[in-house]
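Each chain, written out:
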Amino acid sequence: MSTTVTRKAGCPDERRGGDAAEVWRYGILGALEVHHGSRPAAVERPRHRAVLTWLLLHADRPVTTEQLVDAVWGENPVATARGRVHAAVSELRKTLRTGGTQPLVSRNGGYCLLTQEAAVDVVRFRQGLDGARRLACGGDPAGAASALREGLSLWRGTALAGLEAPFAEAARAHLEEERFAAQELLADLELSLGRHQELVPELGAVLDRYPTREGIAERLVLALYRSGRQTDALAVIRRVRLRLGEEYGLDPGRSIGDLENAVLRGDPALLGGPGPGTRETAAVVKGAPAGPPERRPAEPSPGTGPAQAPARDLDPSSAPDPSPHSIALPFRPAQLPPTMADFAGRCAELRKLQDLLRHAADQPGEYAPRVCTVTGPGGIGKTALTLHAAHRAAAHFPDGQLHADLRGGDRVPAPPTEVLAAFLRALGVPAGAVPAEEEARAALYRSVLAHRRVLVVLDDARDVTQIRPLLPGSGRCAVVVTGRGKLAGLLGAHRLDLERLDHTEAHALFAAIVGRRRAAAEPEATAEVLAACAGLPLALRIAAARLAVRRHWTVAALAARLRDHGRTLDELQVDDLAVRTCFGTSYRRLPAPDGSGRTPDPARAFRLLGIAPGSMIGQAAAAALFDLPPRRTEAVLEQLVDVGLLESPAPGHYQLHDLLRLFAAERAAAEESQAARQAAVGRVTDWYLSSLVEADALPFPGRPRTAAPAVPLTSYREDRLVADGGAGLRAAG
């Protein structure tokens, strides 16, 4: 099959002409291979191979330097990571340059690998899989099987073989899952064509690689039975049962047990059906489950691969037609993670969210689905509240609940296309019938959910572009989205913006964990701990958890440790939970300035706010602190508000959460020079003094003015904001 890459939106075509015989050919379905025509191109250094592989996985789409840094080094990049990425790209450009053309171009502050005139094996494989689906739907199973075999022949072993990089394992698992889906579909087509004997060795080899895949086992059992090998068919079932029991302590699903009974009684209908999951076989395997057996593990999260957990096929149908009318929910997905038993507080927010969900389930289907956003800074309790409300409202959504962690805090969040694939499989769409393209997956997802009542929880969203493809089309579905940003672009959504807990709610949460008697025995120390946690639920949970496992500690002992601001954040960590880590996730997501000097640096602004005097600061004082004009100051302050790192209790006024202030001061000490810190504090202090001098002069215009500091009041203003003494004092922060 001679197929070239179809260009995707994102990179304009910058390559024209060229000899068709001398095209670039890239291979990642095995070890990385690069050829120009018949000549191999050497990419030997591991870092260069990792960068090129990442670019190939995102071919014809811009990739930022930050994404490449995360791909190569993960969460702990070296200090020179950006420079090393640029050096690797420079070397790759030398390798890929030929005939005056350059496929690796700069784009939007990052890089884009153009592959329109190249051949990429994974793209050809996916095109073959899509073509096979179309042929099967058009009534040509032989042509579909041929297309699948041609696509599968492109595999040269394990995908990304030999590649060691943080992204490799997840990408490899995703590609292997696509390969497995193609093998399943091929088996169903071959069974429908009566090629049972030829299929036995192929399915046996696949089952050897994936010994807990019950869908493959069922197909192999049918192929063996139809080849007259009843004993071997039963042996396969016994082997799968033994493997599941030894490795996972599980029994096979009910469908394979019913298939075993059909084989034992020699049911003649087994000879006439094309494959498992079809109407013919379903008629034979009576009593096939409408839902999963009780032992079924949770649905795998997006990106998990076939070797990571046993997963029996939800509906291994041989018909790849993804028509929503042919897809019935084989069971009711219940993917909500457990709620917290000691959940406390948030009574008003919980009631409002529950009411919104209940009304969403009852509204007519022709309305748009109800979308609720729960936003706020890291550690404020968004997920806990959402899951608590979702579990309480679950009964109103009898067709199930879907959940996905969108990993908005990671450098590379969960792609919507992977989440859609996981949701479709959970809703009963056979793996082989899941389309390859994101738009097609989203359309099928909306179609499957039409006229159904399903609750969808999207946790930790990065932005609205990640959310939109995951929204159902039915008005009887509901979606709850959590995120640190405001998600203002999600128009029509009902919004809950969580703030810090008040004293009563904070005390209730603390006492629920450490015990009411223990909290009541030391009321003053308990109040001091609550004040140190500043109403942040994560901090309260960590502090309470430390006390709960230290029976001989007094509350006063913990209060004394939290009293030292230099070690407060050190004390607020337990196991894998840490306030500092939570804040660091939001801090790392702040965009870097573009280098032109026209775009303010929000990370620098956040650091300087941590060392500014006073708990509240006005826009004009912040302009002096940042040494920026007023409009750019407002833009960067509002940017920090939008991502949940700053509060704005009134227009033009801002404040940091007490614990965020400690974290910002830490980052300032680590990333700003002493001279820069002193200069910033000096500027804002001079501004405050100038404001006071000018305000003092207003009631006595004829009195000689006190000498003002060197920095004039108007340096950071576009106009005279001080109309009277009171206004001047308010403008001073």
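Residues numbered from 1 in each chain as written. Predicted model: local features only at pLDDT ≥ 70, side-chain atom pairs only at ≥ 80, totals over all residues. Heavy atoms only, no water.

Scanning the protein chain from N- to C-terminus turns up 29 helices and 17 strands. Classification of the 733 residues of the protein chain by burial places 52% in the buried group. In the protein chain, of all internal contacts separated by at least 6 residues, the share reaching a separation of at least 24 is 72%. Summed over all atoms, the accessible surface of the protein chain reaches about 32,200 Å², with 52% contributed by carbon and sulfur. (Helix = DSSP H or I, 4+ residues; strand = E, 2+ residues; numbered from the N terminus. Buried < 20%, exposed > 50% of the residue type's maximum accessible area, 1.4 Å probe, protein only. Contact = heavy atoms within 4.5 Å. Areas by Shrake-Rupley, 256 points an atom, 1.4 Å probe, with all protein chains shown as cover.)

For the rest of this paragraph, the subject is the sheet that holds strand S7 (residues 119–120). Two modes of strand pairing occur in sheets, parallel and antiparallel, and in both the strands are linked by backbone hydrogen bonds. If you walk across this open sheet you meet the four strands as S3-S2-S1-S7, and the pairing is mixed. Each end of this open sheet is capped by a strand with a single partner; those strands are strand S3 (39–40) and S7. As paired elements, strand S1 (residues 24–27) and S7 share two bridges and run parallel to each other. Considered in S7, the bridge of Arg25 is made with Ala119. (Pairing = 2+ DSSP bridges.)

Here we take up the pattern of salt bridges. Following the criterion strictly, the structure yields 31 salt bridges and no others. Ionic pairing is found between Glu66 and Arg82, a salt bridge with its closest N-O pair at 2.3 Å. Linking Glu66 in helix H2 (residues 65–73) with Arg82 in helix H3 (residues 81–96), this pair joins segments that are 16 residues apart in sequence. When the shortest N-O distance is used, the salt bridge between Asp342 and Arg541 registers 2.9 Å. With Asp342 in the loop between helix H11 (279–284) and helix H12 (347–362) and Arg541 in helix H20 (residues 537–548), the pair connects residues that are 199 residues apart, well separated along the chain. Each of Arg149, Glu190, Arg195 and Glu202 takes part in a single network of salt bridges with overlapping partners. (Salt bridge = Lys/Arg side-chain N within 4 Å of Asp/Glu carboxyl O.)

In terms of burial, strand S9 (residues 401–405) is largely enclosed, as four of its five residues are buried. Where S9 lies against strand S10 (residues 455–461), five bridges are found, and the strand directions are parallel. Residue Ala404 lies in a different strand from S10, and its bridge partner there is Leu458.

For the rest of this paragraph, the subject is the nonpolar core. Val579 and Phe626 are the most contacted members of the largest nonpolar core, which has 88 residues in total. It is H20 that contributes the most residues to this core, seven residues altogether. In contact with Phe626, other than residues within four places in its own chain, are Arg604, Ala605, Leu608, Leu609, Thr633, Val636, Leu637 and Arg683. (Core = buried A, V, L, I, M, F, W, Y, C linked by side-chain atoms within 4.5 Å.)

What follows is about helix H23 (residues 579–588). Of all ten residues in H23, seven are buried, a share of seventy percent or more. Residues Val579, Cys582, Phe583, Gly584, Thr585, Ser586 and Tyr587 constitute the buried set of H23. Against H20, helix H22 (568–571), strand S14 (577–578), helix H24 (602–609) and helix H27 (658–671) lie the buried residues of H23.

For any two helices packed against each other, one specifies the crossing angle of their axes together with the interaxial distance. Orientation of helix H4 (residues 121–137) relative to helix H6 (residues 168–192), taken along the N-to-C sense of each, is 30°, at an axis distance of 11 Å. Put simply, H4 runs roughly parallel to H6. Here H4 and H6 pass one another in a crossing that is left-handed. When H4 is examined against H6, the residues Val122, Phe125, Arg126, Leu129, Arg133 and Ala136 are found in contact with a partner set consisting of His174, Leu175, Glu178, Arg179, Ala182, Leu185 and Leu189. Per-class residue counts for the contact of H4 with H6 are eight nonpolar, one polar and four charged. (Axes fitted to C-alpha atoms, helices over the stretch in contact; angles between N-to-C directions. Parallel < 35°, antiparallel > 145°, perpendicular 65-115°, else oblique. Left-handed = near helix turned anticlockwise from the far one by under 90°. Nonpolar A, V, L, I, M, F, W, Y, C, P; charged D, E, K, R; others polar.)

This part is about helix H7 (residues 196–209). Taking 1.5 Å per residue, 14 residues should reach 20 Å; H7 reaches 20 Å between its end C-alpha atoms and fits that length. Residues of H7 that are buried: His196, Leu199, Val200, Leu203, Gly204, Val206 and Leu207. Buried residues belonging to H7 abut H6, helix H8 (214–226) and helix H9 (230–248). (Expected span 1.5 Å × (residues − 1).)

Take the confidence of the model for the protein chain next. For the protein chain, mean pLDDT is 80; residues scoring 70 or higher make up 82% of the total. Long-range and interchain partners of residues 1–20, a stretch whose pLDDT sits below 50, account for 50 contacts in this model, where long-range means more than four residues apart. Predicted confidence for residues 717–733 stays below pLDDT 50, and this span has 32 contacts to residues more than four positions away or in other chains. (pLDDT = per-residue confidence, 0-100.)

With that settled, the discussion passes to the side chain of Gln354. Along the chain, the position of Gln354 falls in helix H12. Here Gln354 falls in the buried class, since its relative accessible area comes to 17%. A distance of 3.2 Å separates polar atoms of two side chains, one belonging to Gln354 and the other to Arg392. When sequence neighbours within four positions are dropped, the list of residues in contact with Gln354 reads Ala389 and Arg392. (Polar contact = N/O pair within 3.5 Å; in protein donor to acceptor, adjacent residues only side chain to side chain.)

What the rule picks out here adds up to ten aromatic pairs. With a centroid separation of 5.0 Å and an interplanar angle of 70°, the aromatic rings of Trp54 and Phe167 are classed as edge-to-face. A residue pair is termed long-range when its members are at least 10 positions apart, and Trp54 in helix H1 (residues 46–57) and Phe167 in the loop between helix H5 (141–152) and H6 qualify at 113 residues. For Trp54, a relative accessible area of 7% gives the class buried. Between Phe423 and Tyr445, the ring centres sit 5.9 Å apart and the planes meet at 25°, which makes this aromatic pair stacked. (Phe/Tyr/Trp six-rings, centres within 6.5 Å; stacked < 30°, edge-to-face > 60°.)

Relative to strand S17 (residues 653–655), strand S16 (residues 647–650) runs antiparallel, the two being bridged by two bridges. The residue bridging Ala650 from the neighbouring strand is His653, located in S17.

Turning our eyes to something else, we now look at the sheet that holds strand S5 (residues 104–107). Spatial strand order, S4-S6-S5: three strands in an open sheet with antiparallel pairing. Two strands in the sheet have a free side with no partner beyond their single neighbour: strand S4 (63–64) and S5. Direction of pairing for S5 relative to strand S6 (residues 110–113): antiparallel, over a ladder of four bridges. Among the inter-strand pairings, Ser106 is bridged to a residue of S6, identified as Tyr111. Strands S4, S5 and S6 of the sheet are contacted by H1, whose axis makes an angle of about 70° with S6. Here H3 sits on the sheet in contact with S5 and S6, set at roughly 140° to S5.

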